[in-house]
Structures are given as C-alpha cells and as structure tokens.
Amino acid sequence: MPDSLHIGGAVHLPLAEISIDYIRSPGPGGQNVNKVSSAAQLRFDLMGSASLPEPLKHRAAALAGSRLTTDGVIVITANRLRSQPMNRDDAIERLVALLRQALVPPKPRRPTRPTLGSKQRRLEGKAQRGATKKLRSSKSWD
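In this report, we go over the structure that sits alongside the text. (Residues numbered from 1 in each chain as written. Predicted model: local features only at pLDDT ≥ 70, side-chain atom pairs only at ≥ 80, totals over all residues. Heavy atoms only, no water.)

Of all the 6 residues making up strand 5 (residues 73-78), 5 are buried; the element is thus mostly covered by neighbouring parts of the structure. Pairing geometry for strand 4 (residues 39-45) and strand 5, over 6 bridges, is antiparallel. Bridge pairing in strand 5 places Asp-45 opposite Val-73. (Buried < 20%, exposed > 50% of the residue type's maximum accessible area, 1.4 Å probe, protein only. Helix = DSSP H or I, 4+ residues; strand = E, 2+ residues; numbered from the N terminus. Pairing = 2+ DSSP bridges.)

Here it is in structure tokens:
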C-alpha cells in the first residue's frame with residue numbers, strides 16, 4: 001500500500017493524516033457480532049491538513065455535511081462489509097471520492113434575463129386570468 005493517496009492533479013493525501021479505529025458493527029450477525037470489531041471508523045482532520053489547499057478544504061467541508069465535526073474532522077464509518085480490511089478500504093475509498101468531488105470547482109452562475117417573448121406571454125396570461133375573474137363577479141356596474 002502506498003504511503004499517500006492520489007486525489008487528483010497534484011493533490012496527494014498522506015496516509016499518516018488518516019486514523020482508522022475498528023468498532024463493533026451494528027445490526028444482526030449472530031454471536032460473532034458481539035466479539036469482533038469489524039466496522040472501520042476513519043477520522044481525517046480536514047481543517048488541520050497541511051497537504052490540501054484551502055479552497056478544497058472549504059468545498060469538502062460543505063460536501064461532508066453531517067460527517068464533519070465541529071472541530072473540522074471528517075468521520076466516516078464503514079460497516080457494509082463483513083471483514084475489517086474490506087471495511088477499511090471502503091472507508092478510504094469513500095474519503096477519496098468525497099475529496100475528488102470537492103476537487104472540482106463549482107461552475108459560476110451567470111444570471112440571465114427573461115426573453116421578450118416570455119415577458120409578453122406572462123402578461124397575456126395575467127390579463128386573461130384577470131378577465132376571467134372579472135366575468136365571474138356578480139356585480140352589476142349599470
């Protein structure tokens with residue numbers, strides 16, 4: 001296993017910045033589930049990482065959502081698989097996928113104006129609705 005993970009471009013994440021603990025996996029599994037700690041809990045200090053650029057950190061923090069603690073640590077728990085090594089690899093893959101998604105800067109929004117035709121259709125629709133409502137009124141203006 002290499003000593004760093006390639007995220008994309010020139011961005012590499014050293015494995016020393018990631019800590020993995022093994023916990024008991026929840027859910028059914030018989031007697032063995034009470035003895036074996038097969039779930040992997042990955043912790044990565046996003047805000048304290050020196051290997052990631054600041055814009056990437058902020059985008060990753062927004063994407064992490066509830067997986068980000070108040071201290072700026074990403075916590076990913078992997079318990080989908082039955083063995084420790086597979087859950088560890090799954091947690092690392094999920095972290096890399098999150099960081100790769102954050103690597104792509106968001107496309108800037110360019111505000112657009114409504115076309116002349118759409119303005120005219122909107123006003124014609126309003127006039128038609130107003131005329132319909134006026135016909136419904138039971139008042140006599142004579």
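Take helix 2 (residues 84-103) next. Residue pairs three or four apart in sequence face the same way in an α-helix, which turns once every 3.6 residues. Taking 1.5 Å per residue as the helical rise, helix 2 with its 20 residues ought to reach 28 Å, and the 29 Å between its terminal C-alpha atoms agrees with that figure. The set of residues buried in helix 2 consists of Asn-87, Asp-90, Ala-91, Ile-92, Leu-95, Val-96, Leu-98, Leu-99 and Ala-102. Buried residues in helix 2 make contact with strand 1 (4-8), strand 2 (11-14), strand 3 (18-23), strand 4, helix 1 (54-64) and strand 5. (Expected span 1.5 Å × (residues − 1). Contact = heavy atoms within 4.5 Å.)

Looking now at the side chain of Ser-38. Tracing the backbone through its elements, the reader meets Ser-38 in the loop between strand 3 and strand 4. In contact with Ser-38, other than residues within four places in its own chain, are Ile-23, Ser-25, Arg-82, Ser-83, Gln-84 and Asn-87.

Position of Asp-90 relative to the elements: it lies in helix 2. Taking the relative accessible area as the measure of exposure, Asp-90 reaches 10% and is therefore buried. Aside from chain neighbours lying at most four places away, what touches Asp-90 is Ala-78, Arg-80 and Leu-81.

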